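Commentary on secondary and tertiary structure
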Number of protein chains: 2
Amino acid sequence: MILTVTLNTALDITHRVPSLRPHASHRVSDVTERPGGKGVNVARVLAALGHEVTVTGFAGGTTGQVLRDRLTEVPGLTDALVPVSGTTRRTIAVVDERSGGTTQLNEPGPTITPAEWSAFQEAYDDLLPSASAVALCGSLPPGVPIGAYAGLARTARAAGVPVLLDTSGAALRRGVAGRPDILKPNAEELAELTGSHEPLRATQDARRRGAGTVVASLGPQGVLALTPEGHWRAAPPAPLHGNPTGAGDSLVAGLLSGLVEHLPWPDRLARAVALSAATVLSPAAGEFDRAAYGDLLGRVAVTAEANAA
Amino acid sequence: MILTVTLNTALDITHRVPSLRPHASHRVSDVTERPGGKGVNVARVLAALGHEVTVTGFAGGTTGQVLRDRLTEVPGLTDALVPVSGTTRRTIAVVDERSGGTTQLNEPGPTITPAEWSAFQEAYDDLLPSASAVALCGSLPPGVPIGAYAGLARTARAAGVPVLLDTSGAALRRGVAGRPDILKPNAEELAELTGSHEPLRATQDARRRGAGTVVASLGPQGVLALTPEGHWRAAPPAPLHGNPTGAGDSLVAGLLSGLVEHLPWPDRLARAVALSAATVLSPAAGEFDRAAYGDLLGRVAVTAEANAA
């Protein structure tokens, strides 16, 4: 199975309103609720692709219980979340029906106690032997040491399990020192990590910091991948219009599924970019459009990049 | 005990953000959650005043369970909510820390089935014999007949239990036909009911439509009360600055507690206005400031109004 780690899970709530006006009262016309946090989103896409996937991280309180109940409804997904005394956060996306714009409210996550962090590490160690790949995804909740991802990456590598890291800020800066096999930053995270806004230079720099492969997601321009086997750019056939929520998580799911299926890098990148694009095109945030995915898969342009590093 | 009916209960969530900007992402700095819906708020104030109070209405789903768990923490309050298959709504108040302004998002309530409505009516009939007064509060959820409050008011009156109605729109227009003992509209509801924006004329009209007493809440101007024993105005000693959320519910709690303690009308009105003002002054929305209440109680000006009706 593929293991995804989400230390800061969330219950993602979407509220539709005709138009959000600050300091006014709004009748919400439609409410949807689903388990969230980057690693949970990655797991849902992997499960939809037919992979066996296990979700770990933390869940607690009533919100955590709702999240876990919902996870049982996903075929192919196993819940190995570690219970905590705090309450799992909610995120609320308020979607303007008129403009299509989204206003996001993110609750803080629960503070993790040292005992809970230890319990997680034990659970993680127990899960690793059955994992064909691990993804470490998203922000760290308060109480978890800032070097957490470096430690988890090292443990996975020691167990011979390839590990992908997708996080930001200090968690990324410290996490890359754990030498993850794949780093998946977006342009902003890459610039924050390296100080460079020039994608190729920043991707090279990120790789020198310890990552085996860096797949930089450059939004509408697709991805730039610097791997031990070669360097590539992969881009969707045409500019996409839609909701980019979850596009990065679908990209990660594509990379992981290609990894465990031992696809050559160009095929992995084509799959990842097609999945990501099919997520932008889907009317439901964070879901991918299967028909669009099938259509895009053969139309992603993958071009070799001169080995600049 | 005093019985309060809340057919459209809610879990009230408050999110604090530095400043709400449409289409931006916000980190919520503080989250609070409490049981809500007008009748639930009235019950909490009554319980804080030392009254035994029973809450009925509907609750369902995970949100309903959270609401019920929280009600068990209120001393003096008995939960007699009727379970429903739908999920109790949430309301989200997003408070701007910079401006103090509040943006409100109200989820729709669950649709009540005919069987659930019958179960409620049975529960209500069983509770009435132990009640010294009943308050019918707030909006009607989908599925409940629009004449619901008229029927519930008639049943209470037939059982010899005085009944107060606090609702709006069609539920108010139809409810007043049930001849509630006390109607507590605000200026807007009164204007909607009667077509008149002149408070005295509108209050007289509302009374002619079937209410024994009308206590019109006129915001900063206090209240205008037309009762069988006389007509009064009651107002706080000075203009108030604060959060008016819940001020109307505290007013209802003051009226009900004065009713069951058989206070003369001027004393009931003084209590109700002082409680309402102490709610505006409290930093926590919907709570009343006890010290302010004690201070204001002797300073509310109650003046007799010429019997114009």
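Residues numbered from 1 in each chain as written. Chains lettered and ligands numbered in written order. Predicted model: local features only at pLDDT ≥ 70, side-chain atom pairs only at ≥ 80, totals over all residues. Heavy atoms only, no water.

Residues and elements named next belong to chain A. One way to put it is that helix α6 (residues 187-194) packs onto helix α7 (residues 199-208) with a least axis distance of 9 Å and a crossing angle of 60 degrees. Here α6 lies oblique to α7, going by the angle between them. With respect to the hand of their crossing, α6 and α7 are arranged in left-handed fashion. Contacts between α6 and α7 pair Leu190, Leu193 and Thr194 from the former with Pro199, Ala202, Thr203, Asp205 and Ala206 from the latter. Of the residues assigned to the contact of α6 with α7, the class counts are 5 nonpolar, 2 polar and 1 charged. (Axes fitted to C-alpha atoms, helices over the stretch in contact; angles between N-to-C directions. Helix = DSSP H or I, 4+ residues; strand = E, 2+ residues; numbered from the N terminus. Parallel < 35°, antiparallel > 145°, perpendicular 65-115°, else oblique. Left-handed = near helix turned anticlockwise from the far one by under 90°. Contact = heavy atoms within 4.5 Å. Nonpolar A, V, L, I, M, F, W, Y, C, P; charged D, E, K, R; others polar.)

We now examine the relation of the copies chain B and chain A. Between the two chain copies there is a screw-like relation: a rotation about an axis and a shift along it. When chain B is fitted to chain A, the residual RMSD is 0.0 Å, and the transformation amounts to a turn of 180 degrees plus an axial shift of 0.0 Å. The symmetry that links the two subunits is that of a two-fold axis. The overlap is high: 100% of the interface residues of chain B also sit at the interface in chain A, so the same surface is used on both sides. (Least-squares fit on C-alpha atoms with pLDDT ≥ 70 in both.)

Let us now look at helix α4 (residues 148-158) of chain A. All names here are of chain A. Inspection of α4 places Ala148, Tyr149, Ala150, Leu152, Ala153 and Ala156 among the buried residues, and these make up the whole buried set. Contacts from the buried residues of α4 go to α3 (114-127), β10 (133-137), β11 (163-166) and α5 (169-175). One or two residues past the end of α4 sits glycine 160, with phi positive at roughly 75 degrees. (Buried < 20%, exposed > 50% of the residue type's maximum accessible area, 1.4 Å probe, protein only.)

To continue, consider the sheet that holds strand β8 (residues 89-96) of chain A. By way of backbone hydrogen bonds, the strands of a sheet pair with one another, either parallel or antiparallel. Ordered by their spatial adjacency, 5 strands build an open sheet running β4(A)-β2(A)-β8(A)-β9(A)-β3(B), and the pairing between neighbours is mixed. Edge positions in the open sheet fall to β4 (30-36) of chain A together with β3 (25-27) of chain B, since each of these has one partner strand only. Within this sheet the neighbouring strands show an average axis-to-axis angle of 15 degrees, counted without direction. Across the face of the sheet, helix α2 (residues 61-71) of chain A comes into contact with β2 (10-17), β4 and β8 of chain A while running at roughly 85 degrees to β4 of chain A. (Pairing = 2+ DSSP bridges.)

The next thing to look at is the packing of aromatic side chains. Applying the stated rule across the entire model yields 8 aromatic pairs over all chains. Note on phenylalanine 58 of chain B and phenylalanine 120 of chain B: the rings are 5.4 Å apart at their centroids and 50 degrees apart in plane angle, and the pair reads as tilted. With phenylalanine 58 of chain B in strand β5 (residues 53-60) and phenylalanine 120 of chain B in helix α3 (residues 114-127), the pair connects residues that are 62 residues apart, well separated along the chain. Against the face of tryptophan 265 of chain A rests arginine 268 of chain A, its NZ or CZ located 4.4 Å from the ring centre. (Phe/Tyr/Trp six-rings, centres within 6.5 Å; stacked < 30°, edge-to-face > 60°. Lys NZ or Arg CZ within 6 Å of the ring centre and 35° of its normal.)

Another aspect to go through is the interface of chain B and chain A. With 29 residues of chain B at the contact, the number on the chain A side is 29 residues. Counting each side, the surface lost to burial between chain B and chain A is near 2300 Å², with a carbon and sulfur contribution of 60%. The largest contributions to the chain B side of the interface with chain A come from His23, Arg90 and Leu105 of chain B, which together make up 25% of the buried area. Linking arginine 90 of chain B and glutamate 33 of chain A is a salt bridge whose minimum nitrogen-to-oxygen distance equals 2.7 Å. Counting across the interface, chain B meets chain A through 16 residue pairs in polar contact (both at pLDDT 80 or more). Only β2 (10-17), β3, β4 (30-36), α2 (61-71), β8 (89-96) and β9 (102-106) of chain B provide two or more residues apiece to the side of chain B that touches chain A. Among the elements that line the side of chain B that touches chain A, the one with the most residues is β9 of chain B, at 5 residues. In terms of residue class, the side of chain B that touches chain A is built from 12 nonpolar, 11 polar and 6 charged. Bridging between strand β9 (residues 102-106) of chain A and β3 of chain B involves 3 bridges; their strand directions are parallel. Its bridge partner lying in β3 of chain B, leucine 105 of chain A is registered against histidine 26 of chain B. (Buried area = accessible area lost by both parts, 1.4 Å probe. Salt bridge = Lys/Arg side-chain N within 4 Å of Asp/Glu carboxyl O. Polar contact = N/O pair within 3.5 Å; in protein donor to acceptor, adjacent residues only side chain to side chain.)

With that out of the way, let us pick up the sheet that holds β4 of chain B. Strand order in the open sheet made by the 5 strands is β3(A)-β9(B)-β8(B)-β2(B)-β4(B), with mixed pairing throughout. Two strands close off the open sheet at either side, each with one partner strand: β3 (25-27) of chain A together with β4 of chain B. Pairs of neighbouring strands in the sheet enclose a mean axial angle of 15 degrees, with direction left out of account. Alignment of β2 of chain B against β4 of chain B, held across 7 bridges, turns out to be antiparallel. In the sheet register, aspartate 12 of chain B faces β4 of chain B, and the bridge partner there is arginine 34 of chain B. Packed on one face of the sheet, helix α1 (residues 38-48) of chain B meets β2 and β4 of chain B and runs near 90 degrees to β4 of chain B. Set on the sheet, α2 of chain B makes contact with β2, β4 and β8 of chain B; between it and β4 of chain B the angle comes to about 85 degrees.

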